[in-house]
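# Fold and contact review
Each chain, written out:
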Amino acid sequence: MQGTDWRRMLRAGSSGHNSPLHVHPRVLAMTFQPPASTPIRLQQRQLLDGRRQLRDELALIEARAAQHADLNALAWVDWKRAARLAEEAQAAVRSLGAGAFAARPLQGVFISVKDLFNLDGAPTHAGTRAVLPDLGRQAAVVDRLEEAGAIVFAKTNMHEIAL
């Protein structure tokens, strides 16, 4: 929930020490400071300074997927789509610099989703061979990942019908 004031919600829900939402006042007074270095921030820096080339990274991912095909980890993958989106992300970083990450903090991060989530242009089998009804439009979580700049390029296998 973007823009949610969690402190206000916690205070409103805290009726006393026995409340499941009770939070100590010192915790409520704390401010969140994101860590200076995270894997995503490292990827952003490497993308900005040219050490990280999305085309090369995608080639490595594709080679590893082929090397471990016997694991049957990927239910669906679109390497051409991933390459196109990678080129677009790399071009955005070249033209906008650090500004490319302002609205899209996951710019250029390759992500696969479970075969339970609908992805436009990809079949959803939910780990089964049974014919599933049309599940509708793309999943909201996939929309949010793509809006944040993630390159959703594959769907991973899973236990049948998520049981």
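### A few points about the packing of aromatic side chains
Counted by the stated rule, this structure contains 2 aromatic pairs. When the ring of Trp79 is compared with that of Phe153, the centres are 5.6 Å apart and the planes differ by 40°; the resulting orientation is tilted. Of this pair, Trp79 sits in helix H5 (residues 79-96) while Phe153 is found in strand S3 (residues 151-156), placing the two residues 74 residues apart along the sequence. Judged by centre distance (5.9 Å) and plane angle (85°), the ring pair of Phe110 and Phe153 falls under edge-to-face. In this pair, Phe110 is assigned in strand S2 (residues 110-114) and Phe153 in strand S3, connecting sequence segments 43 residues apart. Its relative accessible area of 13% is what places Phe110 among the buried residues. Using a relative accessible area of 6% as the deciding quantity, one classes Phe153 as buried. Aromatic ring contacts, followed pair by pair, group Trp79, Phe110 and Phe153 into a single cluster.

### Focus: the environment of Met158
Along the chain, Met158 turns up in the segment after S3. Note on Met158: relative accessible area 15%, which makes it buried. Once residues within four sequence positions are removed from consideration, Met158 is found in contact with Lys114, Asp115, Leu116, Ala126 and Gly127.

The rules behind each value
Residues numbered from 1 in each chain as written. Predicted model: local features only at pLDDT ≥ 70, side-chain atom pairs only at ≥ 80, totals over all residues. Heavy atoms only, no water. Phe/Tyr/Trp six-rings, centres within 6.5 Å; stacked < 30°, edge-to-face > 60°. Helix = DSSP H or I, 4+ residues; strand = E, 2+ residues; numbered from the N terminus. Buried < 20%, exposed > 50% of the residue type's maximum accessible area, 1.4 Å probe, protein only. Contact = heavy atoms within 4.5 Å.

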